[in-house]
Every structure is written in structure tokens, then in C-alpha cells.
Amino acid sequence: MPITIICQHKDPIAVREALLELDSNLDIRIWPDDGNRADITMALCWRQPQGSLLQYPNLRCIASLGAGVDSLLADTQLPKDIPVVRIVDPQLADSMFDYVAAVVMGYCRHLDCYRQLQAQALWQPLTPQAPSDITVGIMGMGQLGERVAKGLLSLGFKVRGWSRSLKLLDGVESYAGSEQLTEFLSQTQVLVCLLPLTVKTCGILNQGLFSDLPQGACVVNVARGEHLVESDLIQALDSGHLRHATLDVFSQEPLPNDHAFWRREDITITPHCSSITSPQAAAPQLLENYRALNQDLPLINLVDVGVGY
Ligand code: NDP
Ligand code: OXD
């Protein structure tokens, strides 16, 4: 039974080749030239056009080609009652840890401050902070957040995590739910957002949340641009309450040339590259789900569509 790849802003051919490497008998088509759509039982999607999935009457599984499913679920015409799966990949989590570790280490060694001093040609050594002086708070303690938390702990940082349900993770202070958010934020010197984008988390990085962070805190957003209220960030940086922000994701990507963030020394921008799903890493689990589907076995990495992640 054929698979289709409905994909924008990612290379569908690389995904097809990675799957064919594993099983050369697969019939993998690429939207929009994917033949008779009534034959297709599985769709691999990344930012599929609204309503496109309605054209497949015999679809039995929708797979996100990334860890996040926000753009997939944002399709108001998503066919109902078809299981949605996503990518869960240890390499993706390792890569996210590498990025966050680099950023947080940079804060310990004041690399953001040196960038500002360099712009003024100022030679001014600053006392480095040890990892054990810094509390990192991670919002979202899922596949990526947990890996980042464990990695930062091993580097000597103090780590706390916030999620919907309380976690039991050795060495990590756990907080859950909106009632514990303020307490979680109160000692967080570097805040890392690794939440999925849902109705509950959209705009969560806002003025109220920033004001609950200690003076001089830094913010790292590696989840989705829509978590952040951009004008609130600018205000919190301008007022001096926040020291710096590192942003990998934006409401509009690529970030437009004339966006105010580009010209700020207190914001570091990277182009949605903190952790990239490789087709080679994704292919085995896509194939596993395809085979499970054909044998009526349970699917892996299922998304709770009702909750939004
Ligand atoms: P998971 O689904 O594994 O984890 C999500 C975590 O967020 C869980 O701990 C969950 O809590 C928590 N959470 C969800 N909603 C809330 C809420 N309302 N309040 C508090 N906590 C909440 O996701 P992943 O770790 O795999 O990925 C996280 C996100 O990272 C993705 O959705 C994607 O948007 C982004 N991403 C970004 C990349 C990049 O390159 N910048 C690359 C890959 C992913 P609980 O455990 O209780 O369910
Ligand atoms: C993802 C991403 O969700 O790359 O996988 O952002």
C-alpha cells in the first residue's frame, strides 16, 4: 500500500530515499503528483496545505516528519479519527542538548556581554560563573526537555523542570501545572522553553511570566516562535529586567530582514537549527509504523490529538 509525502519546507526526496534504503519495495509517492489517492494509507507530513489530507479517502495514519505537530494539527480540515504519530529520536534530543548546553555555558562565561563590549571596543574581563552557580529552568519535560535536563545536570548546573504532570527525575526539581509556574520561575536564572505549541502554551513567554523571573535572567526559546510575545520580550530587555534572549524559532520563518530582533545586541538569533530531524533518523520509525499499520499492530510515538501534542 502506497505512502505519500506531503511536505513543504523540507526535502521530500531525502525522506523517500532514506525509506527506500531500508526497504526498496516500498511504493512512496510525493504530493502533489501522488497518483490515485484512494490507494494511499499513510501520509508523511510537514506543513501540509490546509485540507490536503481530505483528498485521501483510505488514509489510516498521519505521520509528522518532525517532533512538533503544531502545524499538522493547525489544519482545521484534518481528517478526524485517524491516528497521528510524530518523530521521537534520541539523536534529535542529543542535538538539542548540545545547543542548549552551548548557550547556557555561554551565559556562564558572559559571551553575550562580551559581544556587547566588543561592539564598543571595550576590554573588560568579567568574573565567570560556574555551572553550579546557575539554575536552569526547563519548560516542557518531554523527550527533549528531559534529555536537556539530564545533560545540564551532568555539566554541574542546577536544574528544575516544569511540565503538565509532575516528574520524578533524580537531581531535578520538578514543578507542574499553572499553580506551580510562579514558584518554578522564581529561582530560574536561565529559562529554556521546550514546550509543544498548543492553545495552552501559545504566548506563554509573556510580560507576566518574565516579571516572575529574577532580575537579570536569560531566556532561550527552542520550541516555537508563537510561544513568545515579541513586544513583551523587547520591553523586558529594554527595562533591564531580562539580560539576554537566545531565539531559534520565530512566528515568521525565515525571520524578515527588517525585524527588530536582528539589530539587538541582547538577542542572539539562530535559524531554527537547534535540532534537526535527519531523514535517516526518522526513516526507521516511519517504517516501523507503516509495518505496524499493515499488520494491525499498535503504532509508536502516538500524538494525543485532543491535547495537542
Ligand atoms: P514532548 O511532547 O515529548 O514533551 C512536551 C512536554 O511539554 C511534556 O513534558 C509536557 O508535559 C509539557 N507540556 C505540554 N503542555 C504543557 C502545559 N500546558 N503546561 C506545562 N507543560 C506542558 O515534546 P518534545 O520534547 O519531543 O518536543 C517539544 C517541542 O520542541 C516540540 O513540540 C517542537 O515544537 C519543539 N522542537 C523544536 C526543534 C527545533 O529545532 N527548534 C526541534 C524539535 C522539536 P507532560 O510531560 O506532563 O505531558
Ligand atoms: C521539529 C522541528 O518539530 O524541527 O522537529 O522543529
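Structure: above.
Since the model is a prediction, treat every value here as computed from it, not as a measurement.

K.L.:
What's the story with the site of ligand 1 in this structure? I'm lost.
P.N.:
Taken together, 28 residues lie near ligand 1, and Arg86, Leu144, Ser165, Lys167 and Tyr309 sit nearest. One nitrogen or oxygen atom from the main chain of Arg164 is found 3.0 Å from a nitrogen atom belonging to ligand 1. Taking Ser275, its main chain carries an N or O atom lying 2.9 Å from an oxygen atom of ligand 1. Contact with the protein chains covers 92% of the free accessible surface of ligand 1, which is 940 Å². If you list the elements that add at least two residues to the shell around ligand 1, you get helix H5 (143–154) and strand S7 (158–163).

K.L.:
What am I meant to see in the site of ligand 2 here?
P.N.:
Around ligand 2, the neighbouring residues are Trp46, Gly66, Ala67, Gly68, Arg224, His272 and Thr277. Within the backbone of Gly68, a nitrogen or oxygen atom sits 2.7 Å from an oxygen atom of ligand 2. For the shell around ligand 2, the class distribution of residues is two nonpolar, four polar and one charged.

K.L.:
What is the right way to read the sheet that holds strand S6 (residues 135–139) from this model?
P.N.:
The strands that make up a sheet pair up through hydrogen bonds in the backbone, lying either parallel or antiparallel. With respect to topology, seven strands assemble into an open sheet ordered S8-S7-S6-S9-S10-S11-S12, the strand pairing being parallel. At either end of the open sheet lies a strand with only one pairing partner, and these are strand S8 (172–176) and strand S12 (267–269). For this sheet, the mean angle separating the axes of adjacent strands, direction not counted, is 15 degrees. Of the pairings in the sheet, the one linking S6 to strand S9 (residues 190–193) comprises four bridges and is parallel in character. Directly across from Ile138, in S9, lies its bridge partner Val192. Relative to the sheet, helix H3 (residues 90–108) contacts S6, S9, strand S10 (217–221) and strand S11 (242–247), its axis offset from that of S11 by approximately 155 degrees.

K.L.:
Teacher, can you tell me more about the packing of H3 against H5 here?
P.N.:
In a packed pair of helices, the relevant descriptors are the angle between the two axes and the axis-to-axis distance. Where H3 contacts H5, the axes come no closer than 8 Å and their chain directions differ by 50 degrees. Taken together, the axes of H3 and H5 are oblique relative to one another. In this structure, H3 meets H5 at a crossing whose hand is right-handed. Between H3 and H5, the contacting residues are Leu92, Ala93, Asp94, Met96, Phe97, Val100 and Ala101 on the first element and Gln143, Leu144, Arg147, Val148, Gly151 and Leu152 on the second. Of the residues contributing to the contact of H3 with H5, the split by class is nine nonpolar, two polar and two charged.

K.L.:
What's the story with unusual backbone geometry in this structure? I'm lost.
P.N.:
In most cases, non-glycine residues show a negative phi, while peptide bonds are predominantly trans. Omega for the peptide link from Trp31 to Pro32 comes to 10 degrees, which places this bond in the cis form. Looking at the element boundaries, Pro32 is found in the loop between strand S2 (28–30) and strand S3 (42–46). For the bond from Glu253 to Pro254, the omega torsion is -5 degrees, close enough to zero to count as cis. If you trace the backbone, Pro254 turns up in the loop between S11 and S12.

K.L.:
I tried to follow the layout of surface pockets on my own but got confused; where do I start?
P.N.:
One simple way to see leftover space: roll a probe sized like a water molecule over the atoms. By volume, the second largest pocket is sized at about 240 Å³. Lining the second largest pocket, in full, are Trp46, Arg47, Asp70, Ser71, Ala74, Leu197, Arg224, Glu226, Phe250, Ser251, Glu253 and His272. Broken down by class, the residue content of the lining of the second largest pocket amounts to four nonpolar, three polar and five charged.

K.L.:
What is the right way to read the sheet that holds strand S5 (residues 84–85) from this model?
P.N.:
Read from one edge to the other, the open sheet built from five strands follows the order S2-S1-S3-S4-S5, with strand pairing classed as parallel. Where the open sheet ends on each side, the last strands, each with one partner, are S2 and S5. Here strand S4 (residues 61–64) runs beside S5; their pairing, made up of two bridges, is parallel. Across the sheet, residue Ala63 finds its bridge partner in S5, namely Val85. Helix-sheet contacts for helix H1 (residues 12–22) involve strand S1 (3–7), S2 and S3, and the interaxial angle to S2 is about 175 degrees. Here helix H9 (residues 279–294) sits on the sheet in contact with S1, S3, S4 and S5, set at roughly 150 degrees to S3.

K.L.:
I tried to follow the packing of H1 against H9 on my own but got confused; where do I start?
P.N.:
Where H1 contacts H9, the axes come no closer than 9 Å and their chain directions differ by 60 degrees. Between H1 and H9, the angle falls in the class oblique. Viewed along their axes, H1 and H9 form a crossing whose handedness is right-handed. Listed contacts from H9 to Ala14, Val15, Ala18, Leu19 and Leu22 of H1 are Pro279, Gln280, Ala283, Pro284, Leu286 and Leu287. Its residues placed into classes, the contact of H1 with H9 shows 10 nonpolar, one polar and no charged.

K.L.:
Explain helix H8 (residues 230–238) to me, please; I cannot follow it from the model alone.
P.N.:
Taken together, the buried positions of H8 are occupied by Asp232, Leu233, Ala236 and Leu237. Taken around the axis of H8, the buried residues stretch over an arc of 135 degrees, which confines them to a single face. Opposite its buried face, H8 presents the exposed residues Ser231 and Asp238, each directed more than 90 degrees away. Looking at the buried side of H8, the elements it contacts are helix H7 (207–212), S11 and S12. Two residues or fewer past H8, Gly240 is found with a positive phi of approximately 85 degrees.

Criteria and cut-off values
- Residues numbered from 1 in each chain as written.
- Chains lettered and ligands numbered in written order.
- Predicted model: local features only at pLDDT ≥ 70, side-chain atom pairs only at ≥ 80, totals over all residues.
- Heavy atoms only, no water.
- Near = heavy atom within 4 Å.
- Polar contact = N/O pair within 3.5 Å; in protein donor to acceptor, adjacent residues only side chain to side chain.
- Areas by Shrake-Rupley, 256 points an atom, 1.4 Å probe, with all protein chains shown as cover.
- Helix = DSSP H or I, 4+ residues; strand = E, 2+ residues; numbered from the N terminus.
- Nonpolar A, V, L, I, M, F, W, Y, C, P; charged D, E, K, R; others polar.
- Pairing = 2+ DSSP bridges.
- Axes fitted to C-alpha atoms, helices over the stretch in contact; angles between N-to-C directions.
- Contact = heavy atoms within 4.5 Å.
- Parallel < 35°, antiparallel > 145°, perpendicular 65-115°, else oblique.
- Left-handed = near helix turned anticlockwise from the far one by under 90°.
- 1 Å grid on protein atoms, 1.4 Å probe; cavity = no way out; pocket = protein on both sides within 12 Å on 5 of 7 lines; lining within 4 Å.
- Points joined across faces, edges and corners; volume = space filled by probe spheres on them.
- Buried < 20%, exposed > 50% of the residue type's maximum accessible area, 1.4 Å probe, protein only.
- Arc of directions from axis to C-beta.

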